[in-house]
Amino acid sequence: MAKTNTFFDEMTSGKDEIRSIYSAYSQWLKDTSNTQLKSKNQEAELLFRRVGITFNVYGETDGAERLIPFDIIPRLLSSKEWDFISKGTIQRVKALNMFLHDIYHDQLIIKEGLVPQSLLQNSQYRPEMFGVDVPNQIYAHIAGIDIVRIDESQFYVLEDNLRTPSGVSYMLENRKMMMRLFPELFRRYSVAPVEHYPQVLLNNLRAVAQNGIEDPTVVLLTPGAYNSAYFEHAFIAQQMGIELVEGKDLFVSKNSVYMKTTEGPRRVDVIYRRIDDDYIDPLAFNEISMLGVPGLLSVYREGGVTLANAIGTGVADDKATYMYVPKMIEFYLNEKPILENVPTYDLSKEDDLQYTLSHLNELVVKEVQGSGGYGMLVGPTSTKKEIEVFREVIIKNPNNYIAQPTLSLSQCPTLIDESIDSRHVDLRPFVLSGKETSVVPGGLCRVALKKGSLVVNSSQGGGTKDTWILEKNHHA
Amino acid sequence: MLSRTADHLYWMARYIERAENMARALDVTYNMSLVPNEDITEAMFWSPALEISGTTEIYEKDIGEVTAANVINYLAMDQRNPSSIYSALKSARENAHAVRVTMTTETWESINSIWLEFSQFLKQDFSKKGLREFCDWVKTRSHLFRGVCFGTMLRDDAFNFVRLGTFIERADNTARLLDVKYHLLLPTGQEVGGAVDYYEWSSVLRSVSALQAYQKIFNDTIEPWRVAELLTLRCDMPRSLHACFDEIILILEALSNSKNNEAFRLAGEIHAKLHYGKIKDIFQSGLHEFLSDFIKSNDLIGQEIHKHFLSATY
């Protein structure tokens, strides 16, 4: 395990020199009093609360609304660093889409022996999708790729989010907030804009309507106002100028999907859905779900409507599949992977299991299908008792877990109470696919606000930052 | 637009309007209670406030004894009372929250900040102090909400459903207020006049922001039948039944799916009565009968709006 003082720092690289990308900003930071920063921070909180940027945390009393803490000190990346990240994530998403098409059609990658047949037993693999053709062979129209940095040149992909990735509203709203709070900084820097994200997304969604539909109707399907990401659903729908619908607003008739409007039924061509596979059609999946649209799957399979993301993408972002992504890139694209995977131990393999069990205090162990930072063990920060409890859990069902070395996530200066301290960060760029695959320069930067914590999830006390891709390097 | 969205917008506006009217009724009743009047008991004095809001029966069940303190708290803050200011503002916010995507940022912020600011009143006992400030705050917030809608919303169906909710609710409230007050203040065969009557009628007018208008139009002592005329037939009086239906008829006509619906026909029928009616005729056949018919028809329009636009089934 790395010692605290050896973490890579985005501003100082962990030594006492300012990295060139930060030279101007660090000077500004030095010239700005903590009281000023604090008051900007309070202003931001007030504004966020007024526009209602809150999220519901499951398990909190009466679904209380809470603000995700926002940190006013941005994370800076150079255009060169971004170039590397964007090429790497685009490459990755292209390969993942090809993988999804393949396993729901010819399954060549399995026949070649590059990924095990057992992946098809994964509960996220949807046999209903076998042989179904989706427009442009795109399955993951929206992908969030979580990236962490270890040192100056080493980036890792922590995980791929291909189901209903969230967080993009924070990328957009954080930027808006920063421009409001610090207009002078934006005058001085050329920060790559992110505001066109909704437009790119809408164009992509329109491009994946079934053939022959002119001027397709696109809607965003949300589980409703009590979902933790509802704010984001509403926000994105508004930004794209499309209807935000719930399951009860839609119905299926004669191989088409319609929405109920004050002027009568209106046909829907593309559904940007933010409901999980399990809940999207009570006739096909979870029959007690009240959130979905009965009969949707059969219309979808017949090509009467496009879903984004497609049904069954979960099999490709599963933590058990993750370790095969580099092989996919080589197999489908015939390219070397640009971004690396974190070395991963597959606990369904006896050797990996034994190694993991004897190194629990060094490793991070994750549930294969877990998300949101729940159901995981961070060895170095856990007590002996916690480790022993988790050991029993692993032994009961090793197939359910993977393990990875504890990564020394890079740190970023962060305003904590009234002073600046270093906190660990990650980055989730959003990769969009429709006609082409592209990524808006920026992403959701999550920061672990607890000192020393490596868990950045908002449900576990994480906050967010704006991410600035600087189009050229700046000096003070 | 989506039926569900229209439904939420319509009810959001109705609840805001309801909160405002509740605040108006409370405010004037409280004011009147400051005028000495030995002929009337506390219970007699405060019962009409319950009647205007249509909560007499549930009050009986939830609270029982009619006292100033009980009624004030029940109408302002009680969560059991679906028409209390607390419940109305909470429902307005919930409706808004469900469809914020269709609202302008300013509209949402205006309604969300009502709810955020409301928390400062939660612990207050208005029967002791602060009722007037609270009522003023509710009225101001409602004005602001309407102004923000008017000033920022695209003139599309969403806007129309918001306005429709406002005027259906307002027409109902004005009719109830007049009905209860007229009944109460004018027992059969009794002459009007005297200081208490003056205060009573002027407070009725004040509760619908119509006192100055009355003085300007009639420039004379306050006559009950003129108050009735002002609140029913005058189209230039913004809270009158006629004014509400001038708006309702235009909105129903402007809605994209306006053809062949019963709501539009009914509204036209009522509008014609208000437009061509004479106050003398109304009094001849009874103001109370006229108003209860009106309240029923207005309610029926509400139901037809639901059937035709808001809960469309196919």
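Residues numbered from 1 in each chain as written. Chains lettered and ligands numbered in written order. Predicted model: local features only at pLDDT ≥ 70, side-chain atom pairs only at ≥ 80, totals over all residues. Heavy atoms only, no water.

Enquirer: Looking at this structure, I do not really get the overall build of chain B. What am I missing?
Expert: Along the backbone of chain B there are 15 helices and zero strands. Over its C-alpha atoms chain B spans a radius of gyration of 19 Å, differing by no more than 12% from the 20 Å that the globule rule assigns to 314 residues. Seen through its principal axes, chain B has C-alpha atoms that stretch 60 × 50 × 35 Å. Taken across its 314 residues, chain B has 57% of its residues classed as buried. Of the contacts made within chain B by residues no fewer than 6 positions apart, 67% connect residues no fewer than 24 positions apart. Just so you have it, chain B exposes about 14000 Å², and 52% of that area is on carbon and sulfur atoms. For chain B, the centre of its 33 positive side-chain charges and the centre of its 42 negative side-chain charges are spaced 5 Å apart. (Helix = DSSP H or I, 4+ residues; strand = E, 2+ residues; numbered from the N terminus. Rg over C-alpha atoms; globule rule 2.2 N^0.38 Å. Buried < 20%, exposed > 50% of the residue type's maximum accessible area, 1.4 Å probe, protein only. Contact = heavy atoms within 4.5 Å. Areas by Shrake-Rupley, 256 points an atom, 1.4 Å probe, with all protein chains shown as cover. Lys, Arg positive; Asp, Glu negative; His and termini not counted. Charge placed at Lys NZ, Arg CZ, Asp CG, Glu CD.)

Enquirer: How should I be thinking about the pairing of strand β20 (residues 430–433) of chain A in this particular structure?
Expert: Along any regular strand, the residues point their side chains to alternate faces of the sheet. All names here are of chain A. Residues of β20 alternate between two faces, with Phe430 and Leu432 on one and Val431 and Ser433 on the opposite face, all of them buried. Alignment of strand β4 (residues 142–149) against β20, held across three bridges, turns out to be antiparallel. Counted as the bridge partner of isoleucine 142 is leucine 432 from β20. In this structure, β20 lies alongside strand β21 (residues 437–439), joined through three bridges in antiparallel fashion. When the bridges of β21 are listed, leucine 432 appears paired with serine 438. Once β20 ends, the chain turns through three residues before running back antiparallel as β21. (Pairing = 2+ DSSP bridges.)

Enquirer: When you look at the packing of aromatic side chains in this model, what are you seeing that I'm missing?
Expert: Two aromatic rings are characterised by how far apart their centres lie and by the angle between their planes. Residue and element names in this part refer to chain B. Scanning the model with the defined rule gives 38 aromatic pairs over all chains in all. Both rings, one in tryptophan 11 and one in tyrosine 15, keep their centres 5.6 Å apart while their planes meet at 40°; by these two values the pair is tilted. One end of the pair is tryptophan 11 and the other is tyrosine 15, both in helix α1 (residues 3–32) and four residues apart, which spans about a single turn. Each member of the pair, tryptophan 11 as well as tyrosine 15, carries the same accessibility label: buried. Ring geometry for phenylalanine 118 versus tryptophan 137: centroids 6.0 Å apart, planes at 55°, classification tilted. (Phe/Tyr/Trp six-rings, centres within 6.5 Å; stacked < 30°, edge-to-face > 60°.)

Enquirer: Would you take a moment to explain the packing of helix α12 (residues 241–254) of chain B against helix α13 (residues 262–276) of chain B for this structure?
Expert: The axes of two packed helices give the description: the angle between them and the distance between them. Residue and element names in this part refer to chain B. Taken N-terminus to C-terminus, the directions of α12 and α13 make an angle of 150°; their axes are 9 Å apart at the nearest point. With respect to each other, α12 and α13 are oriented roughly antiparallel. Between α12 and α13 the crossing geometry is left-handed. Of the residues in α13, those touching α12 at Leu241, His242, Phe245, Asp246, Ile248, Ile249, Leu252 and Glu253 are Ala263, Phe264, Ala267, Gly268, Ile270, His271, Leu274 and His275. (Axes fitted to C-alpha atoms, helices over the stretch in contact; angles between N-to-C directions. Parallel < 35°, antiparallel > 145°, perpendicular 65-115°, else oblique. Left-handed = near helix turned anticlockwise from the far one by under 90°.)

Enquirer: Help me understand helix α11 (residues 224–232) of chain B in this model?
Expert: Residues spaced three or four apart along an α-helix point in a common direction, a consequence of the helix completing one turn every 3.6 residues. Here α11(B) lies mainly inside the structure; seven of its nine residues are buried. For α11(B), the complete set of buried residues consists of B:Pro224, B:Arg226, B:Val227, B:Ala228, B:Leu230, B:Leu231 and B:Thr232.

Enquirer: Please clarify how the sheet that holds strand β16 (residues 376–378) of chain A should be interpreted in this entry.
Expert: The strands that make up a sheet pair up through hydrogen bonds in the backbone, lying either parallel or antiparallel. Residue and element names in this part refer to chain A. Across the sheet, which stays open at both edges, the four strands sit in the order β14-β17-β15-β16 with antiparallel pairing between neighbours. Among the strands making up the open sheet, the edge pair consists of β14 (345–346) and β16. The pairing of strand β15 (residues 363–367) with β16 spans three bridges and is antiparallel. Across the sheet, residue valine 364 finds its bridge partner in β16, namely valine 378. Of the strands in this sheet, β15, β16 and β17 (401–405) touch helix α15 (residues 384–396), which is tilted by about 140° from β16.

Enquirer: How should I be thinking about the sheet that holds strand β6 (residues 218–221) of chain A in this particular structure?
Expert: Residue and element names in this part refer to chain A. Within the open sheet, the four strands sit side by side as β7-β6-β11-β12. Their pairing is parallel. Each edge of the sheet is formed by a strand with only one pairing partner; in this case those strands are β7 (243–245) and β12 (306–308). The mean angle between the axes of side-by-side strands here comes to 30°, regardless of whether they run parallel or antiparallel. As judged from the three bridges shared by β6 and β7, these two strands associate in the parallel manner. Across the sheet, leucine 221 pairs through a bridge with valine 245, a residue of β7.

Enquirer: So what exactly am I meant to see when it comes to the pattern of salt bridges here?
Expert: Note that side chains of opposite charge can pair when their charged atoms are close. Residues and elements named next belong to chain A. Per the stated rule, a full pass over the model turns up 53 salt bridges over all chains. For glutamate 330, the salt bridge goes to lysine 336, with nearest N and O atoms at 3.8 Å. Put simply, Glu10, Arg19, Arg75, Glu81, Arg149 and Glu152 are held in one network by salt bridges that share partners. (Salt bridge = Lys/Arg side-chain N within 4 Å of Asp/Glu carboxyl O.)

Enquirer: Please explain the domain arrangement of chain B as it appears in this structure.
Expert: Think of interface size as the accessible area that goes away when the parts come together; that is how it is often given. All names here are of chain B. Per the domain assignment, the segments making up chain B are domain 1 (1–153) and domain 2 (155–314). Inter-centroid distance (C-alpha atoms) of domain 1 to domain 2 is 20 Å. Carbon and sulfur atoms supply 62% of the area that domain 1 and domain 2 bury against each other, a total of about 3100 Å² over both sides. It is Tyr10, Ile52 and Met153 that lose the most area in domain 1 upon contact with domain 2, and together they represent 22% of the buried surface on that side. Taken together, the links from domain 1 to domain 2 amount to five salt bridges. (Domains from an automatic or database assignment. Buried area = accessible area lost by both parts, 1.4 Å probe.)

Enquirer: Would you mind going over the domain arrangement of chain A with me for this structure?
Expert: All names here are of chain A. The domain architecture assigned to chain A consists of domain 1 (7–342 + 407–468) and domain 2 (343–406). With 19 residues of domain 1 at the contact, the number on the domain 2 side is 17 residues. Regarding the contact of domain 1 and domain 2, the summed buried area is about 1500 Å², with carbon and sulfur atoms giving 53% of it. When the area that domain 1 buries against domain 2 is broken down by residue, the three leading residues are Lys319, Met323 and Val342, summing to 36%. Viewed at the interface, domain 2 and domain 1 are joined by zero salt bridges. For the interface between domain 1 and domain 2, the tally reads three residue pairs in polar contact (both at pLDDT 80 or more). (Polar contact = N/O pair within 3.5 Å; in protein donor to acceptor, adjacent residues only side chain to side chain.)

Enquirer: Please clarify how the interface of chain B and chain A should be interpreted in this entry.
Expert: Contacts between chain B and chain A engage 25 residues on the former and 25 residues on the latter. When the two sides are added together, the surface that chain B and chain A hide from each other amounts to roughly 2200 Å², 51% of it contributed by carbon and sulfur. Inspection of the chain B/chain A interface yields two salt bridges. A salt bridge links A:Asp249 to B:Arg4; the nearest nitrogen and oxygen atoms lie 2.5 Å apart. Here chain B is connected to chain A by eight residue pairs in polar contact (both at pLDDT 80 or more). Among the elements of the structure, α1, α5 (85–98), α6 (105–118) and α8 (157–185) of chain B are those that each provide at least two residues to the side of chain B that touches chain A. It is α6(B) that provides the largest number of residues to the side of chain B that touches chain A, a total of five residues. Within the side of chain B that touches chain A, the residues separate by chemical class into 13 nonpolar, seven polar and five charged. (Nonpolar A, V, L, I, M, F, W, Y, C, P; charged D, E, K, R; others polar.)

Enquirer: Explain the environment of B:Ser87 here, please?
Expert: All names here are of chain B. For serine 87, the location among the structural elements is in helix α5. Given the relative accessible area of 8%, serine 87 is considered buried. Distance in space between the C-alpha atoms of serine 87 and alanine 76 is 8.7 Å, their sequence separation being eleven residues. Filtering out sequence-adjacent residues up to four positions away, serine 87 remains in contact with Asp78, Gln79, Asn81 and Pro82.

Enquirer: I tried to follow the nonpolar core on my own but got confused; where do I start?
Expert: A:Tyr25, A:Ile103, A:Ile271 and A:Trp468 are the most contacted members of the largest nonpolar core, which totals 107 residues. For this core, the leading source of residues is helix α3 (residues 79–103) of chain A, giving nine residues. Setting aside residues up to four positions removed in sequence, A:Ile271 forms contacts with A:Val219, A:Leu221, A:Leu250, A:Val257, A:Leu296, A:Val305, A:Thr306, A:Leu307 and A:Ala308. With 104 residues, the next largest nonpolar core counts B:Trp46, B:Val66, B:Trp108 and B:Phe167 among its residues. (Core = buried A, V, L, I, M, F, W, Y, C linked by side-chain atoms within 4.5 Å.)

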